[in-house]
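Letter by letter, the chains look like this.
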Amino acid sequence: MPKAEYLNYVGGEWVGAEKGETTTVINPANGAKLADVPKGGKADAEAAIDAAREAFDKGKWPRMTPGDRAAALLKLAALIESDMDRLAILESKNQGKTIKQARDGDLPFSVDNLRFMAGAARTLAGSASMEYAYGATSILRREPIGVVGSITPWNYPFMMDIWKIAPALAAGNTVVLKPASLTPVTTIELAKIIEKAGLPPGTVNVITGPGSVLGEALASSEKVDMVSLTGDTSTGKEIMRAGANNVKKLHLELGGKAPFIVFDDANLEAAAQGAVAASMVNGGQDCTQAARFLVQEKVYPKFVRRMVELLKTIRIGDPLERTTDLGPLVSDKQREKVEKYASIAKGEGAKLEIGGARPKGKAFEKGWYYLPTLFSDATFDMRISCEEVFGPIVTAMSFRTEEQAIEIANNVIYGLYSSVWTKNIHRAFRVANAMHFGAAEINEHLPLVSEMPHGGYKQSGFGKDLSIYSLEEYTNVKHVFVDMTDADRKPWHYTTFGDPM
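Before going into details, it helps to say that this report is about the structure given with it.

## Overview of the nonpolar core
- Within the largest apolar cluster, 53 residues are counted, with the highest numbers of intra-cluster contacts made by I80, L114, I162, I165, L169, L190 and L199.
- Among the secondary structure elements, those contributing two or more residues to this core are β4 (33–38), α2 (66–82), α3 (84–95), α4 (99–121), α5 (157–170), β8 (174–178), α6 (185–197) and β9 (204–206).
- If near-sequence neighbours (up to four positions away) are discounted, I162 is found in contact with I80, S110, N113, L114, P167 and L190.

## Some thoughts on the packing of helix α1 (residues 42–58) against helix α7 (residues 211–220)
- Remark: α1 packs on α7, axes separated minimally by 9 Å, with the N-to-C direction vectors making an angle of 40°. Classed by the angle they form, the pair α1 and α7 counts as oblique. When the axes of α1 and α7 are compared, the crossing they make is right-handed. For the pair formed by α1 and α7, the contact residues are K42, A45 and I49 on the first element and V213, L214, A217 and L218 on the second.
- Per-class residue counts for the contact of α1 with α7 are six nonpolar, no polar and one charged.

## Concerning the packing of aromatic side chains
- In this structure the tally under the stated criterion is eight aromatic pairs.
- Seen from their ring centres, W154 and F390 are 5.4 Å apart, and the 85° between their planes marks the pair as edge-to-face. Within this pair, whereas W154 is found in the loop between β7 (147–151) and α5, its partner F390 is found in the loop between α12 (383–386) and β16 (393–399), the two being separated by 236 residues in sequence.
- Relative to F293, the ring of F260 lies with its centre 4.9 Å away and its plane at 55°, an arrangement referred to as tilted. Of this pair, F260 sits in strand β12 (residues 258–262) while F293 sits in strand β13 (residues 290–296), and the two are 33 residues apart along the sequence. The exposure classification of F260 matches that of F293, with both residues buried.
- Here the aromatic cluster, defined as three or more aromatic residues joined through ring pairs, consists of F260, F293, F303 and W421.
- K458 extends its terminal NZ or CZ atom over the ring of F437, reaching a point 5.4 Å from the ring centre.
- Directly above the ring of F497 sits R489, whose terminal nitrogen or CZ lies 4.6 Å from the centroid.

Quick notes on the rules
Residues numbered from 1 in each chain as written. Predicted model: local features only at pLDDT ≥ 70, side-chain atom pairs only at ≥ 80, totals over all residues. Heavy atoms only, no water. Core = buried A, V, L, I, M, F, W, Y, C linked by side-chain atoms within 4.5 Å. Buried < 20%, exposed > 50% of the residue type's maximum accessible area, 1.4 Å probe, protein only. Helix = DSSP H or I, 4+ residues; strand = E, 2+ residues; numbered from the N terminus. Contact = heavy atoms within 4.5 Å. Axes fitted to C-alpha atoms, helices over the stretch in contact; angles between N-to-C directions. Parallel < 35°, antiparallel > 145°, perpendicular 65-115°, else oblique. Left-handed = near helix turned anticlockwise from the far one by under 90°. Nonpolar A, V, L, I, M, F, W, Y, C, P; charged D, E, K, R; others polar. Phe/Tyr/Trp six-rings, centres within 6.5 Å; stacked < 30°, edge-to-face > 60°. Lys NZ or Arg CZ within 6 Å of the ring centre and 35° of its normal.

Here you go:
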């Protein structure tokens with residue numbers, strides 16, 4: 001049995017899986033082994049939950065002042081910042097994303113998220129209210145929820161770790177962090193940095209293993225007060241079912257099928273450039289990916305031609321090379337899913353404009369690569385137009401009127417991200433306001449900032465990441481009612497017994 005090269009971090013100790021089992025982590029760029037990690041089971045999840053429970057009920061972290069918690073998070077951010085070059089290489093090797101995205105995008109944004117939450121921790125306060133009842137004052141407190149089970153996806157391993165743990169820790173919770181089985185390496189590296197930063201034992205616990213086992217254990221445990229998941233919608237439904245027995249609080253950021261609406265008065269070059277960037281981001285493995293291009297009839301042919309021209313310039317290759325724009329998909333299984341949807345699109349009658357195959361050449365024989373792919377002349381009811389693919393494959397369709405564009409855009413089960421491209425300010429706001437999505441961008445698609453919330457409508461889930469709204473997600477609001485009279489009998493008592501005063 002292979003020995004784990006990485007270990008779980010539980011209660012401040014580094015431990016293997018109870019049964020000694022491991023999982024081999026693969027580099028998607030070449031299919032080679034990257035590492036062995038523990039294959040945790042139910043007992044491992046329970047040990048991590050117990051450690052987090054002990055740390056919350058009796059430990060130091062929840063009882064620290066917001067200022068001291070903020071200082072600890074700022075120290076953690078500084079340690080991550082000083083190690084970004086190494087972490088970016090590991091992230092690229094484990095997930096397949098390009099080194100420029102990992103080093104220049106994901107990791108700096110993670111550091112910024114941590115620093116934002118450290119500052120926000122010091123602003124999250126209860127409030128003393130006025131006297132809403134005679135002779136009494138009301139006070140509102142925001143308190144940490146308790147033990148949070150955080151489950152992160154394989155598309156942004158390190159960044160999603162931070163999106164989950166930063167607000168949870170800032171609010172005073174303790175955490176059990178479970179990374180995706182495909183991409184656990186940088187999460188374990190994060191645990192090493194957390195230990196170096198000096199966070200009290202049990203404050204953050206990291207366990208690796210199958211989501212069907214560990215996710216179920218977190219969601220069903222009565223010792224876990226909240227589960228926060230970023231993943232696909234089907235996984236979110238499983239977590240909801242598992243957490244139903246103890247009415248657990250849930251925070252779910254799930255799938256997406258973002259519309260990208262281009263009107264005939266838009267800056268077409270800006271729209272086309274933005275379309276390629278927002279559709280091929282992270283190899284298309286992004287729930288905010290611009291996946292459905294709705295283009296007004298008059299400019300539809302020109303837009304499709306220009307998008308094809310730009311897609312041809314995408315440089316596919318070794319993700320560790322800074323000249324590479326598109327690396328491999330995360331796994332062979334994910335590439336097979338993309339290929340299946342390309343076949344479905346052809347069968348449904350969509351027109352293949354570019355791609356639709358694996359790249360040729362010896363350099364691509366061992367990795368899970370797939371060409372940038374655009375299908376035109378799609379219709380709103382095609383599976384390729386409605387279902388989340390999670391790869392470098394997108395559709396384009398035309399529309400006539402503003403009302404039709406809005407109807408098509410909203411006609412999916414998802415509601416995470418959307419954008420509208422036009423120079424007409426009145427139309428821009430009308431359409432943005434009509435989008436049933438958690439975000440609607442105007443003449444841009446994708447940028448996120450730590451200060452603004454991110455989260456979906458409909459089957460894209462509920463709850464917010466980023467911003468002060470995310471911090472509030474990880475708290476409970478308590479009303480403290482204070483009598484100021486010291487009277488033996490209160491005026492309202494007669495409604496239960498006796499006569500009015």
